[in-house]
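These are the residues of each chain, in order.
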Amino acid sequence: FMQPVPMHFDMLFRHYFNFLIRDLFQVFQFSGLPETINATFLKYCLFCNGKSVFFETDDGRLLALNGNYSGDPDVYYIPQKVIVTNPTLKKSYLMERDTECVVVYCTETDVYNQVSEFGGLYTLLCRTATMLADSDLSINVAQKNKRLINVLAAEDQKTKDAIDAVVHKQYEGEPYAVVMKSLIDNVQSVPIAEKSSNNDIMQLIESHQYILSHFYESLGLQTHDQMKKERLITAEINDNDNIAKLNIDNILYTIQSGLNKVNEKYGTSVTVQLNPILLEKPEPKETDDSQSDSNQTDTADAEPTEQPEIEINITAEDNADVELNIDTGGVDDGNNNPVQ
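Basis of the calculations
Residues numbered from 1 in each chain as written. Predicted model: local features only at pLDDT ≥ 70, side-chain atom pairs only at ≥ 80, totals over all residues. Heavy atoms only, no water. Buried < 20%, exposed > 50% of the residue type's maximum accessible area, 1.4 Å probe, protein only. Helix = DSSP H or I, 4+ residues; strand = E, 2+ residues; numbered from the N terminus. Pairing = 2+ DSSP bridges. Salt bridge = Lys/Arg side-chain N within 4 Å of Asp/Glu carboxyl O. Axes fitted to C-alpha atoms, helices over the stretch in contact; angles between N-to-C directions. Contact = heavy atoms within 4.5 Å. Phe/Tyr/Trp six-rings, centres within 6.5 Å; stacked < 30°, edge-to-face > 60°. Lys NZ or Arg CZ within 6 Å of the ring centre and 35° of its normal. Parallel < 35°, antiparallel > 145°, perpendicular 65-115°, else oblique. Nonpolar A, V, L, I, M, F, W, Y, C, P; charged D, E, K, R; others polar. 1 Å grid on protein atoms, 1.4 Å probe; cavity = no way out; pocket = protein on both sides within 12 Å on 5 of 7 lines; lining within 4 Å. Points joined across faces, edges and corners; volume = space filled by probe spheres on them. Patch = residues over 30% accessible without salt bridge, like charges linked within 9 Å, V, L, I, M, F, W, Y side chains within 5 Å. Areas by Shrake-Rupley, 256 points an atom, 1.4 Å probe, with all protein chains shown as cover.

Whenever I open this one, the pairing of strand S10 (residues 271-274) confuses me. Can you help?
Residues Val272 and Leu274 point to one face of S10 and are all buried, whereas Thr271 and Gln273, pointing to the other face, are not buried. Examined bridge by bridge, strand S1 (residues 28-31) and S10 share four bridges and lie antiparallel to one another. Within S10, the residue paired with phenylalanine 30 across the bridge is valine 272.

Any chance you could explain the pattern of salt bridges here in plain terms?
Side chains carrying opposite charge are able to pair once their charged atoms draw close together. Per the stated rule, a full pass over the model turns up five salt bridges. Here lysine 91 and aspartate 58 are joined by a salt bridge, their closest N and O atoms 3.2 Å apart. With lysine 91 in strand S6 (residues 91-96) and aspartate 58 in the loop between strand S2 (51-56) and strand S3 (62-65), the pair connects residues that are 33 residues apart, well separated along the chain. In this structure, aspartate 98 and arginine 97 form a salt bridge, with 3.5 Å as the shortest nitrogen-oxygen distance. Classification of aspartate 98 as partly exposed rests on a relative accessible area of 41%. On the accessibility criterion, arginine 97 (16% relative accessible area) is buried. One salt-bridge network, in which partners are shared between bridges, spans Asp74, Arg97 and Asp98.

Any chance you could explain the sheet that holds strand S7 (residues 102-105) here in plain terms?
Backbone hydrogen bonds are what pair the strands of a sheet, in a parallel or an antiparallel way. Spatial ordering of the open sheet is given by S3-S2-S7, a layout of three strands whose pairing is antiparallel. At either end of the open sheet lies a strand with only one pairing partner, and these are S3 and S7. The average undirected angle you get between the axes of adjacent strands in this sheet is 25 degrees. Pairing of S2 with S7, which is carried by four bridges, proceeds in the antiparallel orientation. The residue of S7 that forms the bridge with lysine 51 is tyrosine 105. Relative to the sheet, helix H2 (residues 39-49) contacts S2, S3 and S7, its axis offset from that of S2 by approximately 135 degrees.

Would you mind going over the packing of aromatic side chains with me for this structure?
Any pair of aromatic rings gets described here by the distance separating the centres and the angle formed by the planes. As enumerated under the stated definition, the model contains nine aromatic pairs in all. Ring plane angle 40 degrees and centroid distance 6.1 Å describe the contact between phenylalanine 25 and phenylalanine 47, whose orientation is recorded as tilted. Highlighted residues: phenylalanine 25 in helix H1 (residues 9-27) and phenylalanine 47 in helix H2, separated in sequence by 22 residues. Neither residue differs from the other here; phenylalanine 25 and phenylalanine 47 are each classed as buried. Centroid distance phenylalanine 28 to phenylalanine 47: 5.4 Å. Interplanar angle 35 degrees. Geometry classified as tilted. On the criterion of sequence distance, the pair formed by phenylalanine 28 in strand S1 and phenylalanine 47 in helix H2 is long-range, its members being 19 residues apart. Ring-pair connections join several aromatic residues into one group, and the members of that group are Phe9, Phe13, Phe17 and Tyr122. Positioned over the ring face of tyrosine 93 is lysine 91, at 4.5 Å from the centre of the ring. Directly above the aromatic system of tyrosine 266 lies the positively charged group of lysine 265, at a separation of 5.5 Å from the ring centroid.

Would you explain the packing of helix H3 (residues 122-147) against helix H6 (residues 200-219) in this entry?
For any two helices packed against each other, one specifies the inter-axial angle together with the distance between the axes. One can describe the packing of H3 onto H6 by two numbers: an axis separation of 9 Å at closest approach and a directional angle of 170 degrees. Judged on the interaxial angle alone, H6 and H3 are roughly antiparallel. Of the residues contributing to the contact of H3 with H6, the split by class is 13 nonpolar, seven polar and three charged.

Hey, could you run me through the layout of surface pockets in this one?
The method is simple in principle: a probe with the dimensions of a water molecule rolls over the atoms, and the space it marks as empty is what remains. Size it by volume and the second largest pocket reaches roughly 290 Å³. Those elements giving two or more residues to the lining of the second largest pocket turn out to be strand S8 (150-154) and helix H4 (157-171). Broken down by element, the lining of the second largest pocket gets its largest block of residues, five residues, from H4.

In this structure, what is going on with the environment of phenylalanine 19? I would like to understand it.
In this fold, phenylalanine 19 is placed in helix H1. Along the chain, phenylalanine 19 and alanine 129 lie 110 residues apart, while their C-alpha atoms are 8.8 Å from each other. Aside from chain neighbours lying at most four places away, what touches phenylalanine 19 is Leu212 and Tyr216.

What should I look at first to understand a nonpolar patch on the surface in this one?
Taken together, Val75, Tyr76 and Tyr112 make up a surface patch of nonpolar side chains, about 400 Å² in accessible area. By the element assignment, tyrosine 76 lies in the loop between strand S4 (68-73) and strand S5 (79-86). With relative accessibility at 58%, the residue tyrosine 76 sits in the exposed group.

Set out below in structure tokens:
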């Protein structure tokens, strides 16, 4: 159970697909669902297949399952019938759309999707999971390549074994190694690493962050590209927010429109809303430049400090020499000239 597993693409793809779909499931929250409907399976149908079929079984249960189109299309090329097959139901249901059942779609384009396995956001999930898996593999290779600094060439097996022993001790933490001079003379070092590759890992990490950020933006969640080095201005942030709002509002509107038909037909009160946590926006913080400008402005607008008045009374006898040493404490005469 605790043995290390070599990284490979299939394992990483499944990891990121499950990771992304868990995040996606947290975005939308359903309320008012009957006990006979599984909310998680409903989300799977909507986001991975593009639609879910709400219908009543022969025993009066209201279910929401995956279904496929069937029958002749209408004037807008949308099939008029839906077929639902489930082994637990022990029968197939062939129903008239919007009459015997209600089809709830994920997006507007899913109405015309004829292949249920690739509807909703399934393509976006697979694309992002594929790119993130490839990114992880590239980062892992770059990490391993960083350890390969040079290759040592030996003339015979005995010299090779001696080199292996020295290198092994160095990796185990030995601070030094004593070798025969003849060993050094018989070893040739071939450098592998190049100076230009020092930033390869950082570039791969930035690319990884961009792929993940692009997924959330495509979904419609507010995010800012982490590869952008410049400080985001308010106008750019507002533009990103508006684009994200269009995407997520379209999904939310399409699902709720279908649920309204479900409520009207079956007397339910099912609704969908965004996770309230996603609607909370942090208060903007002033940048360092603005704080610096503010400090400069406050300093420029500040009123000059009043100079303290110094009163000196001297009493001395006639013809007496008087020497005074007065520390004015930085007091000036108003023209930046110190008082003498």
